[in-house]
Amino acid sequence: MYEMNSRPSSFHPAFLFRGKLRGEFSPARVLSFFIFTFLFLSSFAQYDEQRYPVIPRPYKLLPFSGDFTLDSRTVIVTDMKSTQAETDFFVQQLKDIYNINLKHAKKASKGNFIYVALDSSGVPPEGYQLFVNRNEIDLYGTKAGVFYGLQTLFQLIHVPAAVDRLVLPTIPSCSVIDQPQFRWRGLHLDVSRHFFTKLQVKEYLRWMAMYKLNTFHWHLTDDQGWRIEIKKYPRLTSIGAWRNGTLAGHEGAANSFIDTTEYGGFYTQNDIREIVRYADSLHITIVPEIEMPGHACAMLAAYPELGCTNGPFIVQPTWGVFNDVLCPSEKTFSFLDNVLTEVAALFPGKFIHIGGDECPKAEWKTNDTCQVIIRNYHLKDEDELQSWFTKRIVAMLQKKGKQAIGWDEILDGGLADGAAVMSWRGEEGGIAAAKAGHNVVMSPGGYCYFDHYQSDAPGEPLAIGGYLPLEKVYSYRPVPPQLSADESKYILGVQANMWTEYIGDEKKLQYMLFPRILALSEVAWSYTKENNYAFFLNRIDFHLNLFTRMNINCAKSIFDIKAKITSSMVNGVALSLEPGLMTGHIRYYIGDSDTGTFDHDYDFPVIIDTTVTIHAALFEENEAVTRTYVYHFDVSLATGKPVSLRKPPDKSYSTGGPFALVDGIRGEMPWKGSQWLGWWGDTLDAVIDLGQDTLINSVTFNFLVDSSSWIYPAQNYTIGLSEDGKTYVPLDKNAWIVTGSAGEFRNGGNVAGYARASSGSAKNQRARYIHLVVYPLGKIPPGNPGEGNPAWLFVSEINVN
Ligand code: ACM
C-alpha cells in the first residue's frame, strides 16, 4: 500500500534510487535504472513497431517481454483532484472505442492497476514517464504530461480484433520517457468557408488531443462568413454569418456555379466559452483568428462604414480574394478595438491571430483616408500602410495582455515588435522573422496545407489543388537549416492548415485530415533527426484500425498502387507498378475504355513507346481491392530522354523531379499530383538531350492557369536547337501558338485552365539538344489574389514531335 504522490521529484533516472516509491527496491525500479541508463546512452532504440505502434514516436521507448492484461478488476489509481480531466478522458476513450470499463480507485494493492501521479518538478513542461510490466503500470508527469502519457498508453492497448471473451486486451511491457520537440503543435480549421458545429469542433479537438497536438487555430472570420458573436456589434452575426449561396464545383472551372441556398452559422459567446473549457481539459490552447484588413467582406457587409468605398458589400458566396478590404480609419480602429476586447476576454491563450494575408491594395490606392495617412506618416506605399495598420493592432493587443500573430505578409513593410509570424508562403517569411528575433510558426503551403490533394489517383474528391501525400507531410522539418542554433529558438513549432472551401461536411473533413494528422503529429512532437518514414508506416496499422472503429472516413491513399516511370533505355519510358501498403497482385489492360478486362498480370515494367492508356488495379484472387488507376501516355521524341534543369523548381512543387517534364504524362486540372513543376517568380530553363541528331517539327509544353492559387500563364518562351549542346540556334520567338484558356486570362475574378504553347516555326529542323526557357508573368496584377507577389509558373509535359 502507498500514498498518492509519495514519489521522488526529479525527472532524472537517478531519482529511482533516491526516494520511496512503493517499496524501495521493487524489481521494476531496479530494472528501470538499467533501462534508463541504456536509454540515455543509446540514441535510438529500435523496437517491434506492431507491438509498440505509438504515434507520435516517443522520445525514448524501451521494449520488454511480457504483457500487462486489462481485465475487469484492473483499476486506474489516481488523485482525482489533480488529474481528474486527464484520466476521465482516457477512461471515456476506453469506454467509447473499446467498450472497456476501467474503474477509478484511490489506492491500489497487489498489482493490476494503472497508477497515475503528477510530477511537475524537474519534468519538462509536457513530459511524462511511463512504465509497464506484467503486474502494474506507472505514469508520472506534469498535468499535460500525464494526459499525453495516457494517450501513449491508449495506443499500446492491443484489443483482439474479433469479439472473444476469452482473449483479454493486453499492454506490452516497456519503459517510456517522453516530451515534445516543439511547443506549438498546431492544427487550424477554417469555419468561415464552411461552418462546423460546436459538437464537430469538439470532436476535432479530441482528434488533436489523441495525437498530442496542443494548439487549435480557429479561423473564425473571412469573406464568406463571420462566426463569432460580438455583443457590441450584433450585425456581425445577424448579417455577417449568412450568405445567399455557395460556389459548387471548382473555382474558375467552366462547370462551376453558385447555388441559391442560404448558408451560415456562428458560435455564441457561451458556445465559445464551452469550447475553450473543453479544449483546456484536453491541454489545447485556442488561437482565435480575426482576419484584417483583407478577407473582410463579411465584416463589411455587416458594417459598411468600415470600408473604403460605398459598397455594396456582400458576404461572399465564392472563394478567392476580394478587393473590398477594411479602410484603416479611426472608425475601423475603434471598432476593432472593441471586437478584440471581447475576443481577448473569451480566449485565455496568449496569442490572437490577426490574419494579414492576401490584402489587395487597389482600394487603398484611390481612397482619400489611406492617402492622407500615407502622406502624414511618410509611408512609402500601401504595403507600408498595411505595416502601419498591423503595428497599431499589435500595440492594441499588447494593451489587452495579448500577443499578435499573423500570416507572413505582416512582414512586408516592416514587422511590429512583439508580433509573431506564421509562415505559409513557403519558409522564407519564417526564416526572415526568426533572424529578426520574432517568434515563428512554420506552416508552409507545400507541406502543411491539408486542403491539398493527398493522391493523384482518379476519383479523389475535389480539392483546391496541390499535392500533399502523407510522405511529404512526414518529410517536413520545421527548423530550416538556414537558421543558427540561436535563431532556431524562435521556431515555436509547426501547424497544418485546413481551409474549407472544398470541405463542406465532417466526412470530407475527416478524409482530408486522416491519416495526415499522424504525420503532422510526429513532425511536431518527435525529435526529427530520428524520423524515418518506413518506421512510421510500420506503426500505422493500429491507427487505421482505430479510425475504422471510430467510424472515421480515413483516406486510403497509402494503399494506392505506386507508379514509377523511368527511362526505358530505348524509346519511350518504362512504367513500374508496385502495390501500396496492401498485398495482392497487380493486373492491367491497355486501352481507353473504362470498362475493359484486366487481361495482363503485371510482372515486369511495361515499356511505353507509343501513345497509349493503361488501366491498372490491385487484385486479391479475382477481386479488385483498390480503385482503378489510369495512366495516359502521350509519347513524343522527348519522352524518356535525359532532361536537365538549370534552375530547380520550388521545393514545394518539385515532387516529380525534372523527369516529370518528359515522362509522357501531362498534369491535370485541378492541378494535383507530381506532374506539375512550379517556379515562383522564376523561369523554367531546361535542356533535353534527344540522344542523336533528330528531325523535329514542333516543341510543345503545357502550363497551368489558376489565378486563385497565384498561378499565371507563361509570358514568353525561347527555344534553341543545337547539334553539339554548345551552339544553339534560336527559333523564331513570334511563331509560338498558344491554345487553351491562357488566352481567356482576365483581370479580376478567378480563371483556371490549362494551356499549351507550341513552336510554329520548328518545321523540318534537325537537332540533338533542345533548350527551352519559359518566362513567368512577373508580379501578379492588381485586382487579383496575391496581387504584387511574384506569379507562379507551373509547367508539365514537354513534347517534341
Ligand atoms: C493563407 O493561406 N491565405 C494564409
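Scroll up to find the structure this text is about.
Computed from a prediction, not measured in an experiment: that's the story for all the values here. (Residues numbered from 1 in each chain as written. Predicted model: local features only at pLDDT ≥ 70, side-chain atom pairs only at ≥ 80, totals over all residues. Heavy atoms only, no water.)

A. Molecular detail of the overall build of the protein. A tally of regular secondary structure across the protein gives 20 helices and 41 strands. Taking 801 residues into account, the globule formula puts the C-alpha radius of gyration at 28 Å, and the protein, at 29 Å, falls close to it. With the C-alpha coordinates aligned to their principal axes, the bounding extent of the protein is approximately 95 × 70 × 50 Å. Taking all 801 residues of the protein together, 61% fall into the buried category. Sequence separation of at least 24 residues holds for 71% of the intrachain contacts in the protein that already meet a minimum separation of 6. About 31,100 Å² of surface is accessible on the protein, with carbon and sulfur atoms providing 52% of the total. Counting 73 positive and 86 negative side-chain charges, the protein places the averaged centre of each group 7 Å from the other. (Helix = DSSP H or I, 4+ residues; strand = E, 2+ residues; numbered from the N terminus. Rg over C-alpha atoms; globule rule 2.2 N^0.38 Å. Buried < 20%, exposed > 50% of the residue type's maximum accessible area, 1.4 Å probe, protein only. Contact = heavy atoms within 4.5 Å. Areas by Shrake-Rupley, 256 points an atom, 1.4 Å probe, with all protein chains shown as cover. Lys, Arg positive; Asp, Glu negative; His and termini not counted. Charge placed at Lys NZ, Arg CZ, Asp CG, Glu CD.)

B. Inspection of the packing of helix α11 (residues 368-376) against helix α12 (residues 382-399) at higher detail. Here α11 crosses α12 at 85°, and the two axes come no closer than 10 Å. On the basis of their axis angle, the class for α11 and α12 is roughly perpendicular. When α11 is examined against α12, the residues C370, Q371, I373 and I374 are found in contact with a partner set consisting of E382, L385 and W388. A class-by-class count of the residues in the contact of α11 with α12 yields 5 nonpolar, 1 polar and 1 charged. (Axes fitted to C-alpha atoms, helices over the stretch in contact; angles between N-to-C directions. Parallel < 35°, antiparallel > 145°, perpendicular 65-115°, else oblique. Nonpolar A, V, L, I, M, F, W, Y, C, P; charged D, E, K, R; others polar.)

C. Representation of unusual backbone geometry. In this structure, P293 follows M292 across a cis peptide bond, with omega equal to -10°. With respect to the helices and strands, the residue P293 is situated in the loop between β16 (285-292) and α8 (297-302). Of note, the bond from G311 into P312 is cis; its omega dihedral lies within 30 degrees of zero at 0°. Along the chain, P312 turns up in the loop between α8 and α9 (330-346). For H283, which is not a glycine, the phi torsion comes out positive at approximately 60°. Phi at E358 is positive, roughly 45°, even though this residue is not glycine. Along the chain, E358 turns up in the loop between β17 (351-355) and α10 (362-366).

D. Seen up close, the packing of aromatic side chains. As enumerated under the stated definition, the model contains 45 aromatic pairs in all. Taking the centre distance of 5.8 Å and the plane angle of 65° together, the rings of Y204 and F216 count as edge-to-face. Pair noted here: Y204 is in helix α5 (residues 198-210) and F216 is in strand β9 (residues 215-219), with a separation of 12 residues, a long-range link. The class of Y204 is buried, set by a relative accessible area of 1%. Residue classification places F216 among the buried residues on the basis of a relative accessible area of 0%. Aromatic pair F701 and F703: ring centres 5.7 Å apart, planes at 40°, arrangement tilted. According to the relative accessible area criterion, F701 is buried, its value standing at 0%. Overall, the relative accessible area of 1% leaves F703 in the buried class. Members of the aromatic cluster, joined through ring pairs, are F195, Y204, W207, Y211, F216, W218, Y267, F347, F514 and F547. Between the NZ or CZ atom of K212 and the centre of the ring of W525, over which it lies, the distance is 5.7 Å. (Phe/Tyr/Trp six-rings, centres within 6.5 Å; stacked < 30°, edge-to-face > 60°. Lys NZ or Arg CZ within 6 Å of the ring centre and 35° of its normal.)

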